[in-house]
Amino acid sequence: MNETPRVSPVEAEILSLLRTKEFYGLELVKESSMLKRGTVYVTLERMTDKGYVKSREAERAPHESGLPRRIYAITGLGQRALASSEAASAAFASWGMVTQ
Amino acid sequence: MKSLLEKIVDFVRRLLGLHERRVHFLSEHVHIYPDEHPEVKREPVVFVHKSEIRVGAKIRPQDVLRVVAPKLIPRPRIVKPPAGRAVTFLQFVMPKRDFERVFAQTIQDFRDEYFELLAAGEVRRAWCRNVFIYGTLALTIAAWSMASIGKMVAKFWRLSG
């Protein structure tokens, strides 16, 4: 991918959380006030399509039932996208300070 | 923890609006009849026996079982988990991948919280979760629809360009 990755604020929030460890979707919502229950999985799915995050089905004990859960983790591309987004934000902030 | 017998006495007491002091709770092993105890004739008395309740007039054991006991012992019911019908509907309507990765995750989050609250005895809050799930599902469907439309537009844009 030659294009500079574009990361929205919500995506940046998710990526910065996933940088530390793997999370379930609900854990992400509980960790951040920016994320909403109704939209977090749609955002995660979009980020999966972009290649920023990957997910795997959580292991379950034999006695556990219910719908299968997924655990999300950041990918290499996601880390680069986040680093690029943070660098751009920092550059923009420093440019603002210079112009003032 | 009240025994079944005590629960029946409480139920009859509530049913008749009897005052505490008017109710005589008798051991399930003792047979007492008004004829043998003249003092009971002065006030309404509830006699409780292992197999019968006496409230002025005799209530037959089969009536206790038929009328009183079902109200005291809640029948265990098997009910669907929250959004059980919504899962069936969404599985039918949505693509499998999107159902598993978006909708199933949202529903399972609520179900986990719902069962945790039920286990903690917080029935009211669990019921609120059960209602709240439909609002969140509606929001998820709206977000998913918008994302799907966006994807299609982007695809056509790339194809045309």
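Given the structure is predicted, the values throughout are model-derived calculations rather than measurements.

Trainee: Explain the overall build of chain B to me, using residue names and the numbers behind them.
Mentor: Scanning chain B from terminus to terminus reveals 5 helices and 3 strands. Counting all 161 residues of chain B, 34% fall into the buried class. Of the contacts made within chain B by residues no fewer than 6 positions apart, 45% connect residues no fewer than 24 positions apart. Summed over all atoms, the accessible surface of chain B reaches about 11400 Å², with 61% contributed by carbon and sulfur.

Trainee: Which residues make up the overall build of chain A, and what are the values?
Mentor: Helices and strands together make up the secondary structure of chain A, namely 4 helices and 3 strands. Along its sequence from the N terminus, chain A presents helices and strands in the succession α-β-α-α-β-β-α. Here chain A holds 100 residues, and the buried ones make up 40% of them. Nonlocal contacts in chain A, meaning residues at least 24 apart in sequence, comprise 54% of its contacts between residues at least 6 apart.

Trainee: Give a description of the pairing of strand β3 (residues 70–74) of chain A that names residues and reports values.
Mentor: Residues and elements named next belong to chain A. Buried residues dominate β3, accounting for 5 of its 5 residues. Here β3 shows two buried faces, one formed by R70, Y72 and I74 and the other by I71 and A73. When strand β1 (residues 23–24) meets β3, the two strands line up antiparallel, connected through 2 bridges. In the strand pairing of β3, F23 is matched with Y72. Direction of pairing for strand β2 (residues 53–57) relative to β3: antiparallel, over a ladder of 5 bridges. The residue bridging E57 from the neighbouring strand is R70, located in β3.

Trainee: So what about the interface of chain A and chain B? Which residues, and what values?
Mentor: The partner chain B presents 24 residues to the 17 residues of chain A that form the contact. Together chain A and chain B conceal approximately 1800 Å² of surface at their shared face, both sides included; 54% is due to carbon and sulfur atoms. At the boundary of chain A and chain B, one finds 7 salt bridges. Here K151 of chain B makes a salt bridge to D49 of chain A, at a shortest N to O gap of 3.0 Å.

Criteria and thresholds
Residues numbered from 1 in each chain as written. Chains lettered and ligands numbered in written order. Predicted model: local features only at pLDDT ≥ 70, side-chain atom pairs only at ≥ 80, totals over all residues. Heavy atoms only, no water. Helix = DSSP H or I, 4+ residues; strand = E, 2+ residues; numbered from the N terminus. Buried < 20%, exposed > 50% of the residue type's maximum accessible area, 1.4 Å probe, protein only. Contact = heavy atoms within 4.5 Å. Areas by Shrake-Rupley, 256 points an atom, 1.4 Å probe, with all protein chains shown as cover. Pairing = 2+ DSSP bridges. Buried area = accessible area lost by both parts, 1.4 Å probe. Salt bridge = Lys/Arg side-chain N within 4 Å of Asp/Glu carboxyl O.

Keep in mind these numbers describe shape, not what the thing actually does.
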